[in-house]
Amino acid sequence: MNLNVLYEDNDITVCVKPKGISSEDTPTEKGIIGLLSERTKKELHLLHRLDRGVGGVMVFANNKKSAAALSRAIAEGDLKKEYLAVCDGIPQEDSAVLKDFLFKDSRKNRSYVVNRERKGVKAASLEYVVLQKGEGKALVRVLLHTGRTHQIRVQFASRKLCLTGDIKYGSKDRTNCEIALHAYRITFTHPTTKEVLTFQCEPDYSSYPWSIFKGENV
């Protein structure tokens, strides 16, 4: 597989994960970390994950010291992850902060919005802004405040704004497309140089439903 590596040094590797492969290796296939390790000949450390059907920018640590520093940044909210998504429907507000309690059913690999905190429930927060509207859909940019399983997918779906193609969470649009979610931009402080770095990658605007939008004002 021809991997798009955006940046690489002794401490970190930044690449674009293609849609359709997992973040981690499994007993039956290599994930992005295994494929990237083969290419770089380094023992990479996984810091965050993207769902199999979601592509976009990921950062990996190339050593334990960098992994510890970046893991700490993630825990403290100092690593910023922004996504682009297309949802079925138009949000009532052009920008908002969404806060919910999420429960993850590990057996079903599915998350649910619940009304109150209890065992296994975690708070989830994100903010979004509508970039474009068209054909009954909206292109939104999302900034995660927390990193819960399927967070963007389930928070939008709970407001009857399923991500296009996300059949698992209720999308009725079955126009032969993957989940319309893309890890667009990541910003973090380099663990050694302390430089603030930003990397981004646009989704494929030639494919549906991204083709409804031109990718402007992103």
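Throughout this description, residue numbers start from 1 for each chain and increase along the sequence as written. Since the coordinates come from a predicted model, pLDDT governs what is reported: local features require at least 70, and pairs of side-chain atoms require 80 or more to be given and counted, while whole-chain, interface and lining totals use all residues. Side-chain numbers come from the whole structure's heavy atoms, not from hydrogens or water.

Secondary structure elements follow DSSP: runs of H or I no shorter than four residues count as helices, runs of E no shorter than two count as strands, and numbering proceeds from the N terminus. Summing up its helical and strand segments, the protein chain has three helices and 11 strands in all. Counting helices and strands in the order they occur from the N terminus, the protein chain gives β-β-α-β-β-α-β-β-β-β-β-α-β-β. Taken over C-alpha atoms, the radius of gyration is set against a globule rule of 2.2 Å times the number of residues to the power 0.38. Against the globule reference of 17 Å for 218 residues, the protein chain gives a C-alpha radius of gyration of 17 Å, in line with a compact fold. With respect to the three principal axes, the spread of C-alpha positions in the protein chain is 45 × 45 × 40 Å. Exposure classes here rest on a 1.4 Å probe applied to the protein chains alone. A residue is buried below 20% of its type maximum, exposed above 50%, and partly exposed in between. Scored against the burial criterion, the 218 residues of the protein chain give a buried share of 52%. The long-range fraction of contacts in the protein chain, counting pairs at least 24 apart against all pairs at least 6 apart in sequence, stands at 60%. Only heavy atoms enter the contact rule, under which two residues are in contact if any of them lie within 4.5 Å.

Across the nine residues that make up helix α1 (residues 32–40), a large majority, seven, are buried. Looking at the buried positions of α1, the neighbouring elements they touch are β1 (4–8), β2 (12–17), β3 (45–46) and β4 (55–61). Positive phi shows up at Lys41, right after α1, with a value of about 60°.

This paragraph deals with the nonpolar core. Take the buried Ala, Val, Leu, Ile, Met, Phe, Trp, Tyr and Cys residues and link them wherever side-chain atoms come within 4.5 Å; each set so joined is a nonpolar core. Formed by 31 residues in total, the largest nonpolar core has its most connected members in Val140, Ile152 and Phe156. When near neighbours in sequence (up to four residues on either side) are disregarded, Phe156 contacts Leu98, Leu126, Tyr128, Val140, Val142, Leu161, Cys162 and Leu163. With 15 residues, the next largest nonpolar core counts Ala61, Ala67, Leu79 and Phe199 among its residues.

The next point concerns the pattern of salt bridges. The working definition used for a salt bridge is a side-chain nitrogen of Lys or Arg within 4 Å of a carboxyl oxygen of Asp or Glu. Scanning all chains against the criterion turns up 13 salt bridges. Shared partners join several salt bridges into a network, and the residues in it are Glu8, Arg39 and Lys42.

Centres within 6.5 Å make a pair out of two Phe, Tyr or Trp rings, where for Trp the six-membered ring is used; the pair is then stacked when the planes are under 30 degrees apart, edge-to-face when over 60, and tilted otherwise. Scanning the entire structure with this criterion turns up four aromatic pairs. For the ring pair Tyr205 and Trp210, a centre distance of 6.2 Å and an interplane angle of 90° mean the geometry is edge-to-face. We classify Tyr205 as buried; its relative accessible area is 17%. The buried category is assigned to Trp210, whose relative accessible area is 4%. Three or more aromatic residues joined by ring pairs form one cluster here, namely Tyr7, Phe188 and Phe199.

Here we take up the side chain of His150. With respect to the helices and strands, His150 occurs in the loop between β9 (137–144) and α3 (151–157). Discounting chain neighbours no more than four positions away, the residues touching His150 are Asp51, Asn109, Arg110, Ser111, Lys168 and Tyr169.

For the rest of this paragraph, the subject is the side chain of Gln155. Topologically, Gln155 is positioned in helix α3. Each polar contact in these results corresponds to two N or O atoms within 3.5 Å; when the atoms are within protein, one needs to be able to donate a hydrogen and the other to accept it, and residues that are neighboring in sequence are counted only if both atoms are side-chain atoms. Separated by 3.3 Å, the side chain of Gln155 and the backbone oxygen of Leu98 make a polar contact. With sequence-adjacent residues up to four places away left out, Gln155 is seen in contact with Leu98, Lys99, Asp100, Ala124, Ser125 and Leu126.

Here we take up the pairing of β1. Here β1 pairs with β2 via four bridges, running antiparallel. Bridge pairing in β2 links Tyr7 to Val14. Two strands qualify as a pair provided DSSP detects at least 2 bridges between them. The turn joining β1 and β2, which pair antiparallel and follow one another in sequence, is formed by three residues.

Following Tyr208, the chain continues into Pro209 via a peptide bond in cis, with omega recorded as 0°. Looking at the secondary structure, you find Pro209 in the segment after β11 (196–200). Residue Lys41 is not a glycine yet carries a positive backbone phi of 60°. Counting through the fold element by element, Lys41 comes out in the loop between α1 and β3.

Note on scores: pLDDT gives the predictor's confidence for each residue, bounded by 0 and 100. A residue-level look at the protein chain finds 98% of positions with pLDDT of 70 or above and a mean pLDDT of 93. Here α1 is the element of the protein chain with the lowest mean pLDDT, 92, and β11 is the one with the highest, 98.

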